[in-house]
Amino acid sequence: MRLRLENVTFTKHTKINKRYWISGYIVNFSHDFEFGKSYLLTSLNEGQNEALAYLISGVVEAEYGSITLNDSPYTSEQRRKDAWLVRWDQIYRFGFFQQSPKNQIRHGIRKNPDLMMTEMDIMRQFDLTPACYTRLLRQFSHEGWRAHCAIGFANGKRIFCFPSMYLETVDTIRYRFTKTVEFLKSQGALILFPVLPYINMDGLVDEIVHTHREQNYSIEEHGTWIWKSSAHKDQYPIIKS
C-alpha cells in the first residue's frame, strides 16, 4: 500500500494534548510512503519532524494539499484511526482508567479475530516479560517501547508514529527493538521516526526523508552526520557511529 502526500502545507502552532504543542513549517511537501517500511523523518527542527509524523498519523490536519492511500482520499479521521502514537496512545477502560498491557492486548485480540495470534504469541514476539506484563505502562522503562508496539499491533493499528527520541534512548533500546521494527514491517506496518539528523538510526530505518528540502548537512553510511558547508558547523557536534 502507498500513502502519498502531495503539496502538503502545515505552518501552525498546534496543541497535541494538555501539555504538548508542536510548531511545524512544511510547505508544498510531497512524498510517497510505503507500508511495510520504516522512515526517518529528519531535519534540525524537532517540531518540524514531529509535525510531518503527526500529519501522516492524522493527529493534525494540513492547511493545503492532499493525502491519499492507493490514490484514494485518506482523511485525517481515517489515518488517526489507523495510527498508533507509541508512548502516548493507550486503550483505556471505560475511556478513562489506565490498564496494563495484558488487558489492552486482550482487548485487541477480542476486537480483531483475524489477528491469528494468541496472547502468548504476542508476548513472545515482542519480548514482554511476565513481571512487567501486568503493570501499568507508566511503571515501565525500556520494555515500555516494545509493550506499546505490542498493544498497537494487537489492536489492529498499521501506522506506528514514534516521538522524537534522544541518542541515549535509541542506543539503549536498539538491541531488542530492532526485532520489533522488523516484525511490524513484516506485518505491513508503516513506521515513522521523527528524529534529529545526528542520531544514529542505522538498522531501524529503511529510508531517510528530509522534512526541510534545503538541508545544510548530509547523512552518510552508518549514520555519520556532516555539514555540507562551514556556515553552521559549530551549531551541533559531528557524531560518528
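Residues numbered from 1 in each chain as written. Predicted model: local features only at pLDDT ≥ 70, side-chain atom pairs only at ≥ 80, totals over all residues. Heavy atoms only, no water.

**Q** Tell me what's going on with the overall build of the chain, and back it up with residues and numbers.
**A** Of the regular secondary structure elements, the chain holds seven helices and 13 strands. Counting the 241 residues in the chain, one finds 48% classified as buried. For the chain, restricting intrachain contacts to residue pairs at least 6 apart in sequence, the fraction spanning at least 24 positions comes to 66%. On the chain, roughly 12,400 Å² of surface is accessible, and the fraction owed to carbon and sulfur atoms is 48%. (Helix = DSSP H or I, 4+ residues; strand = E, 2+ residues; numbered from the N terminus. Buried < 20%, exposed > 50% of the residue type's maximum accessible area, 1.4 Å probe, protein only. Contact = heavy atoms within 4.5 Å. Areas by Shrake-Rupley, 256 points an atom, 1.4 Å probe, with all protein chains shown as cover.)

**Q** How would you sum up the sheet that holds strand S11 (residues 207-210)? Please name residues and give values.
**A** Backbone hydrogen bonds are what pair the strands of a sheet, in a parallel or an antiparallel way. Pairing is parallel in the open sheet, where five strands are placed in the order S8-S9-S10-S5-S11. With one partner strand each, in any of the chains shown, strand S8 (83-85) and S11 form the two edges of the open sheet. Between one strand and the next, the sheet's axes are offset by a mean angle of 20°, whatever the strand orientation. As defined by bridge partners, S8 adjoins strand S9 (residues 159-161) across three bridges and the pair is classed as parallel. Paired with Trp-84 across the two strands is Phe-160, which belongs to S9. Relative to the sheet, helix H1 (residues 46-56) contacts strand S5 (38-42), S8, S9 and strand S10 (190-194), its axis offset from that of S10 by approximately 160°. (Pairing = 2+ DSSP bridges. Axes fitted to C-alpha atoms, helices over the stretch in contact; angles between N-to-C directions.)

**Q** I'd like a rundown of the pattern of salt bridges, residues and numbers included.
**A** A complete count under the given rule lists ten salt bridges for this structure. When the shortest N-O distance is used, the salt bridge between Arg-2 and Asp-71 registers 2.5 Å. Taken together, the residues Arg-2 in strand S1 (residues 2-10) and Asp-71 in the loop between strand S6 (64-69) and strand S7 (72-73) connect sequence positions 69 residues apart. Overall, the relative accessible area of 54% leaves Asp-71 in the exposed class. The partner of Asp-171 in a salt bridge is Arg-174, and the shortest N-O contact between them spans 3.7 Å. Residue Asp-171 and its partner Arg-174 are located together in helix H7 (residues 167-186), separated by three residues, close to a single helical turn. (Salt bridge = Lys/Arg side-chain N within 4 Å of Asp/Glu carboxyl O.)

**Q** Tell me about the packing of helix H6 (residues 143-154) against H7, and please be specific about residues and values.
**A** With their axes 10 Å apart at the nearest point, H6 and H7 run at an angle of 20° to one another. Classified by the angle between their axes, H6 and H7 sit roughly parallel to one another. H6 and H7 meet at a crossing whose hand is right-handed. On H7, the residues that touch Trp-145, Arg-146, Cys-149 and Phe-153 of H6 are Thr-169, Ile-173, Arg-176, Phe-177, Thr-180, Phe-183 and Leu-184. Per-class residue counts for the contact of H6 with H7 are seven nonpolar, two polar and two charged. (Parallel < 35°, antiparallel > 145°, perpendicular 65-115°, else oblique. Left-handed = near helix turned anticlockwise from the far one by under 90°. Nonpolar A, V, L, I, M, F, W, Y, C, P; charged D, E, K, R; others polar.)

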